[in-house]
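Secondary and tertiary structure notes
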Amino acid sequence: MSDEKRKTYKPVPISGFPEWLPEIRLVEQGWMDHIRRVFESYGFCSIETPSVEALDVLRAKGEVDKEIYVLERLHRDEDDDSEARLALHFDQTVPLARYTAQHFNDLVFPFKRYQMQRVWRGERPQLGREREFYQCDIDVIGVDHLPLHFDAEMPAVIYEALEGLDIGRVQIKVSNRKILTGLCGALGIADPVPVTRMIDKMDKIGADGVREGLSALGLSSAQNDSLMALAQIKTRDPETLKARIESLSLQGDDVITEGVAELAFVLEQLRHLPDHAVTADLSIVRGLDYYTGTVYETRLLDIPAFTSSVCSGGRYDDLAGSYINKHLPGVGISIGLTRLFAVLEHHGHIKAGRKSPADMLVVLPAEERRAAAAETARALRARGYKVELYHAPQKLKKQLAYAEKKGIPYIWFPPFEDGQGHEVKYMTTGAQITADPETWTPES
RNA sequence: GCGGCCGUAGCUCAGUGGUAGAGCCCUCGGUUGUGGUCCGAGUUGUCGUGGGUUCGAUCCCCAUCGGCCGCCCCA
């Protein structure tokens with residue numbers, strides 16, 4: 001190295017592409033492990049699809065409005081069209097559709113799978129809105145028919161997954177699109193999309209805001225009143241739900257009746273969850289156009305700073321119609337893991353873990369003792385501990401400070417001289433006792 | 001894609017028309033086999049980039065890039 005200062009690129013974070021320090025990553029990893037365990041406990045199997053799909057596949061469902069990252073080889077021959085254009089997937093539903101169609105004959109239906117992968121969207125980054133983020137999806141796909149039972153299983157799974165993350169009380173809001181779209185039809189509203197989108201903002205801009213918005217869309221005050229009366233229904237009791245819909249005098253519309261029955265069934269199946277955990281909320285619609293029945297959204301009740309949904313999904317009539325000539329209805333829900341994690345981290349709700357996964361640091365007393373210390377470390381590892389052997393025979397002050405900074409809770413002292421025994425030090429209390437690497441277990 | 005705010009050490013920020021500081025962090029030391037506290041010493045910046053005004057700009061003006069927030073949409 002010369003005296004002259006080397007030229008360096010200033011390292012800067014890439015906006016929208018989050019990364020964590022080890023002590024935060026440890027927590028995120030713990031979350032993923034927990035979520036995975038819950039998913040598997042309900043029998044969902046894991047699949048992983050490539051980061052990329054053919055661009056045509058991603059666009060097959062008509063969602064061209066998504067900002068898609070296209071993959072390009074630097075040395076691609078300009079005229080070479082032999083390779084399909086690839087792009088990073090923006091969700092896990094489209095890849096699932098392609099996957100299901102492709103492996104249709106080898107899959108067992110109803111196909112229950114989970115998928116925890118990164119997805120990419122080129123939208124403007126903001127807090128809780130990244131360009132690269134993890135989604136944890138569960139979906140169930142049926143052939144021709146999919147029992148409503150699964151619509152009720154989704155919130156049950158998600159409640160368990162989120163409830164174990166130490167993020168306070170979680171509430172899953174459930175609705176059924178048939179009710180609101182049925183009402184739009186009954187009211188003679190030609191294009192229900194802008195109307196439902198406005199109603200979906202209830203949480204954000206309030207009832208008055210929605211009412212104004214609906215008027216601005218050109219609805220009559222009678223239409224407005226009907227919609228608002230419906231959209232403000234919020235209950236977790238199926239009987240109350242039915243009663244309140246009946247009081248709106250909407251009988252006779254088959255679509256609405258069907259939607260109410262489905263939603264009531266879902267609520268009924270979720271009675272085992274705590275009171276706060278589930279509610280029907282008729283203002284929930286979801287933006288995605290392919291949802292046809294049950295829809296979900298999730299709120300954190302104890303963290304007011306977190307206003308957006310951390311987990312949402314719904315039922316769709318036909319998952320893979322673009323890829324296979326079969327009728328495959330499904331229902332799915334997705335945890336926006338990175339959004340959830342990043343926002344909570346930003347607001348100081350994530351308690352940092354340790355900077356190292358190691359349970360203990362084995363001290364290296366002197367170079368001549370390295371072989372013996374390494375043997376001690378192996379013995380402890382063989383008993384299931386995560387063990388780091390200090391790398392150099394430096395002053396103990398340095399070795400202990402190293403362990404302290406990394407948050408390693410136990411220091412193991414192998415013999416410094418022949419004939420001596422082992423000792424272990426508890427960093428939390430400072431206590432140090434003699435111990436045998438073959439039998440020692442930490443006092444709880 | 002549209003609108004607003006902001007760009008000074010790794011981080012949080014102060015500061016002045018005459019080429020810069022604090023706290024935290026980091027490194028080393030306070031002798032002989034033991035961390036966290038305390039004390040002492042030390043390193044770090046093209047003051048986002050380019051141009052203009054000026055004898056002189058980090059500070060004034062213009063542009064540009066970048067970041068953050070809101071909207072759209074959504075996890």
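Residues numbered from 1 in each chain as written. Chains lettered and ligands numbered in written order. Predicted model: local features only at pLDDT ≥ 70, side-chain atom pairs only at ≥ 80, totals over all residues. Heavy atoms only, no water.

Thoughts on the environment of Phe341
- If you trace the backbone, Phe341 turns up in helix 11 (residues 337-346).
- Sequence spacing of Phe341 and Asp77 is 264 residues, and the spatial spacing of their C-alpha atoms is 41 Å.
- Not counting chain neighbours up to four residues away, the residues in contact with Phe341 comprise Trp20, Ile24, Val27, Glu28, Trp31 and Ile350. (Helix = DSSP H or I, 4+ residues; strand = E, 2+ residues; numbered from the N terminus. Contact = heavy atoms within 4.5 Å.)

Remarks on the nonpolar core
- Trp31, Phe39, Leu227, Ile335 and Leu340 are the most contacted members of the largest nonpolar core, which totals 76 residues.
- Broken down by element, this core gets its largest block of residues, 9 residues, from helix 4 (residues 149-163).
- For Phe39, the contacting residues outside a window of four places in its chain are Phe44, Tyr114, Cys136, Asp137, Ile138, Val157, Ile158, Ala161 and Ile335.
- Within the second largest apolar cluster, 23 residues are counted, among which are Ala377, Tyr385, Trp412 and Trp440. (Core = buried A, V, L, I, M, F, W, Y, C linked by side-chain atoms within 4.5 Å. Buried < 20%, exposed > 50% of the residue type's maximum accessible area, 1.4 Å probe, protein only.)

Remarks on the protein's contact with RNA strand B
- If you check the shell around RNA strand B, you find 40 residues, and the closest are Arg121, Arg129, Arg286, Lys398 and Glu404.
- A breakdown of the atoms of RNA strand B within 4 Å of the protein gives sugar and phosphate a share of 53%.
- In the model, a base nitrogen of RNA strand B is placed 3.1 Å from a nitrogen or oxygen of the Glu130 main chain.
- Contact between RNA strand B and Gln432: a base oxygen at 2.7 Å from a side-chain N or O atom of the residue. (Near = heavy atom within 4 Å. Polar contact = N/O pair within 3.5 Å; in protein donor to acceptor, adjacent residues only side chain to side chain.)

Some details on the pairing of strand 5 (residues 111-120)
- Taking burial as the measure, the 10 residues of strand 5 include 9 buried ones, the bulk of the element.
- Of the strand pairs in this sheet, strand 5 and strand 6 (residues 132-141) are connected by 10 bridges, and their pairing is antiparallel. The partner of Tyr114 across the bridge, within strand 6, is Ile138. (Pairing = 2+ DSSP bridges.)

A look at the packing of helix 1 (residues 22-41) against helix 4
- The interhelical angle for the contact between helix 1 and helix 4, taken along N-to-C directions, is 150°, at an axis separation of 9 Å. Between helix 1 and helix 4, the interaxial angle falls into the category roughly antiparallel. In this structure, helix 1 crosses over helix 4, and the sense of that crossing is right-handed. Contact residues: helix 1 offers His34, Ile35, Val38, Phe39 and Ser41, while helix 4 offers Val157, Ile158, Glu160 and Ala161.
- Its residues assigned to classes, the contact of helix 1 with helix 4 shows 6 nonpolar, 2 polar and 1 charged. (Axes fitted to C-alpha atoms, helices over the stretch in contact; angles between N-to-C directions. Parallel < 35°, antiparallel > 145°, perpendicular 65-115°, else oblique. Left-handed = near helix turned anticlockwise from the far one by under 90°. Nonpolar A, V, L, I, M, F, W, Y, C, P; charged D, E, K, R; others polar.)

Quick look at the state of the cysteines
- Enumeration over the complete set of coordinates arrives at 0 disulfides.
- In this structure Cys45 is not part of a disulfide, and its nearest cysteine sulfur, from Cys136, lies 15 Å away.
- Overall, the relative accessible area of 33% leaves Cys45 in the partly exposed class.
- Free of any disulfide, Cys136 has its nearest neighbouring cysteine sulfur in Cys311, separated by 9.0 Å.
- Relative accessible area serves as the criterion here: at 0%, Cys136 is assigned to the buried category. (Disulfide = S-S within 2.5 Å.)

Section: the confidence of the model for chain A
- When pLDDT is averaged across chain A, the result is 89; 94% of the residues are at 70 or more.
- Note on residues 1-6: pLDDT under 50 across the span, and 1 contact to partners over four residues away in sequence or across chains. (pLDDT = per-residue confidence, 0-100.)

Considering the environment of Tyr99
- Take Tyr99: it is sitting in helix 3 (residues 93-102).
- When its relative accessible area of 17% is taken as the criterion, Tyr99 is described as buried.
- Here the alpha-carbon distance between Tyr99 and Pro110, two residues 11 residues apart in the chain, equals 14 Å.
- When residues no more than four places from it in sequence are discounted, the contact partners of Tyr99 are Ile47, Thr49, Leu107 and Phe111.

A short note on the sheet that holds strand 4 (residues 86-88)
- Spatial strand order, 2-4-3: 3 strands in an open sheet with antiparallel pairing. Two strands in the sheet have a free side with no partner beyond their single neighbour: strand 2 (52-54) and strand 3 (70-71).
- By the bridge criterion, 2 bridges tie strand 3 to strand 4 in an arrangement that is antiparallel. Bridged to Val70 within strand 4 is Ala87.

A look at helix 11
- Among the 10 residues of helix 11, 7 are classified as buried, and the element is accordingly described as predominantly covered.
- For helix 11, the full list of buried residues reads Leu337, Thr338, Leu340, Phe341, Ala342, Val343 and Leu344.
- Where helix 11 is buried, its residues meet helix 1, strand 6, helix 4, strand 10 (291-300) and strand 12 (330-335).

Here's the deal with the side chain of Gln399
- Note on placement: Gln399 falls in helix 13 (residues 396-406).
- Apart from residues no more than four positions distant in its own chain, Gln399 is found in contact with Leu361, Val363, Leu364, Tyr390, Ala392, Pro393 and Gln394.

A look at the domain arrangement of chain A
- Taken domain by domain, chain A comprises domain 1 (22-49 + 91-346) and domain 2 (360-435).
- With centres defined by C-alpha atoms, the gap from domain 1 to domain 2 works out at 51 Å. (Domains from an automatic or database assignment.)

Describing the packing of aromatic side chains
- Tallied over the full model, the rule gives 16 aromatic pairs.
- For the pair Trp412 and Trp440, a centre-to-centre distance of 5.6 Å together with 75° between the ring planes defines the contact as edge-to-face. Taken together, the residues Trp412 in strand 15 (residues 410-413) and Trp440 in the segment after strand 17 (432-435) connect sequence positions 28 residues apart.
- Owing to a relative accessible area of 6%, Trp440 belongs among the buried residues under this scheme.
- Among the aromatic residues, those joined into a ring-pair cluster are Tyr385, Tyr410, Trp412, Tyr426 and Trp440.
- Over the ring of Phe44 we find Lys112; its NZ or CZ atom is 4.6 Å from the centre of that ring. (Phe/Tyr/Trp six-rings, centres within 6.5 Å; stacked < 30°, edge-to-face > 60°. Lys NZ or Arg CZ within 6 Å of the ring centre and 35° of its normal.)

Some words on unusual backbone geometry
- The peptide bond linking Phe109 to Pro110 adopts the cis configuration, its omega dihedral lying at 0°.
- Locating Pro110 in the fold gives a position in the loop between helix 3 and strand 5.
- Of note, Asp144 is a non-glycine position whose phi angle comes to about 65°, a positive value.
- A positive phi angle, close to 60°, is found at Asp166, a residue other than glycine.
- Its place among the elements puts Asp166 in the loop between helix 4 and strand 7 (170-176).
- For Asp166, a relative accessible area of 71% translates into the label exposed.

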